[in-house]
Amino acid sequence: PGVMACKRGALIVLEGVDKAGKTTQCNKLVQALQQSGRPVEMMRFPDRTTTIGKLISAYLEKKSDLEDHTVHLLFSANRWELVPLMKKKLEQGTTLVVDRYAFSGVAFTSAKPGFCLDWCKQPDVGLPKPDLVMFLQLSPAEAALRGQFGEERYETSVFQRTVQQKFEQLMKDPSVNWQVIDAAQGVDEVHKDITNYSLNAINIAQNLPLGELWK
Ligand code: Z5A
Ligand code: MG
């Protein structure tokens, strides 16, 4: 008798501007999927624990300066270094819930003067393609109600508005499965929307091969 092929896990990404609730919702989604008995793990980018991640973290904390192209490539390298692990987990049937991915990479660098969207996308072409990308939509006014900006680089309202526009450009690409979530709702309402889309994506992904991003 043949052995049943193990159904793969889904790659689920949460994106959005500052304070949209990505980390809150990633945690809640992982908890809910765990409680329903599904194998799931959380990941986040940047992953500040690796050697490359430490360079990025120092940059974000303004403890070091890095040239803009250089830091863009480091963010991408930080994703690529985790690809073998991601593929292994997905093949084993584990769903990955990821806090930011290549879309943040492109939106943040292309918000800087002199960078076009296309150049910014190239280093991430071919990454594991998310089965679902949920964009937590929150207006700058609503984000302001969630407290002051922090001390890290990029945490200014002018820059965040440009980032939002870049995300909107990226969301026009129909090759990516985008779902816009109203992040101005209460935590539990947002969670309900996210869980519904995720369960659907997990069901569909299990019978499909993992895709390649922007390829
Ligand atoms: N970056 C880049 O440049 N290139 C790349 O390739 C990548 C990232 C991957 C670090 O990201 C920076 O790196 C980021 C982009 C850049 N720069 N910025 N800005 P990060 O992920 O480490 O940033 P963060 O500070 O952890 O996340 P965040 O965006 O600021 O927040 P969030 O995760 O979206 O939100 P949260 O922490 O879940 O919630 C924020 C607050 O709102 C908190 O007090 C919550 O309790 C509250 N909250 C959450 N949900 C709600 C609802 N529904 N109602 C009311 N209040 C809420
Ligand atoms: Mg966060």
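The coordinates are above.
Criteria and thresholds
- Within every chain, residues take consecutive numbers counted from 1 along the sequence as written.
- Naming scheme: in the order in which they are written, chains are lettered from A and ligands are numbered from 1.
- This being a predicted model, a pLDDT of at least 70 is required before a residue's local features are given, and a value of 80 or more before pairs of side-chain atoms are given or counted; all residues contribute to the totals for chains, interfaces and linings.
- As a rule here, side-chain values cover all heavy atoms of the structure and leave hydrogens and water aside.
- Strands here mean DSSP runs of E at least two residues long; helices mean DSSP runs of H or I at least four residues long; both are numbered from the N terminus.
- Note that the radius of gyration is over C-alpha atoms, with the globule rule given as 2.2 Å times the number of residues to the power 0.38.
- Only protein chains enter the accessibility calculation, which uses a 1.4 Å probe; a residue is then buried when its area is under 20% of its type maximum, exposed when over 50%, and partly exposed in between.
- Note on definitions: a residue-residue contact is assigned when non-hydrogen atoms from the two residues lie within 4.5 Å.
- To be clear on the numbers: accessible area is Shrake-Rupley with a 1.4 Å probe, and residue cover counts the displayed protein chains and nothing else.
- We define proximity as follows: a residue is near a molecule or strand when any one of its heavy atoms falls within 4 Å of that partner.
- Any N or O atom pair separated by 3.5 Å or less is treated as a polar contact, with the protein-specific requirement of one donor-capable and one acceptor-capable atom, and with residues adjacent in sequence counted only for side-chain atom pairs.
- Pairs of strands are assigned from DSSP output, requiring at least two bridges between the strands.
- All axes are obtained by fitting lines to C-alpha atoms, using only the stretch in contact for helices, and the reported angles, taken between N-to-C directions, cover 0 to 180 degrees.

Draft legend 1. The overall build of the protein, seen in detail. Looking only at helices and strands, the protein has 9 helices and 7 strands in total. Its C-alpha atoms give the protein a radius of gyration of 17 Å, near enough to 17 Å, the size a compact globule of 215 residues would have. Projecting the C-alpha coordinates of the protein onto the three principal axes gives extents of approximately 60 × 35 × 30 Å. Counting the 215 residues in the protein, one finds 49% classified as buried. In the protein, of all internal contacts separated by at least 6 residues, the share reaching a separation of at least 24 is 82%. Carbon and sulfur atoms provide 54% of the accessible area of the protein, an area that totals close to 10,700 Å².

Draft legend 2. Representation of the site of ligand 1 within the structure. In the neighbourhood of ligand 1, 27 residues make up the surrounding shell, with Lys22, Thr23, Thr24, Arg79 and Arg100 lying closest. Gly21 places a main-chain nitrogen or oxygen 3.0 Å from an oxygen atom of ligand 1. Here Thr24 contributes a side-chain N or O atom positioned 2.4 Å from an oxygen atom of ligand 1. Protein contact buries 77% of the 1,100 Å² of open area that ligand 1 shows by itself. When contributions to the shell around ligand 1 are tallied by element, the ones reaching two or more residues are helix H1 (22-35), helix H3 (68-80) and helix H5 (102-110).

Draft legend 3. The arrangement of the sheet that holds strand E5 (residues 132-137) in detail. Read from one edge to the other, the open sheet built from 5 strands follows the order E2-E3-E1-E5-E6, with strand pairing classed as parallel. Two strands in the sheet have a free side with no partner beyond their single neighbour: strand E2 (40-44) and strand E6 (178-182). Strand-to-strand twist in this sheet, taken as the mean axis angle between neighbours without regard to direction, amounts to 25°. Where strand E1 (residues 11-16) meets E5, 5 bridges bridge the pair, whose relative direction is parallel. Bridging from a neighbouring strand, Gly16 pairs with Leu136 of E5. Against the sheet, H1 touches E1, E2, strand E3 (95-99) and E5, its axis set at about 165° to E3. Lying on the sheet, helix H4 (residues 83-91) is in contact with E1, E2 and E3; it crosses E3 at an angle near 140°.

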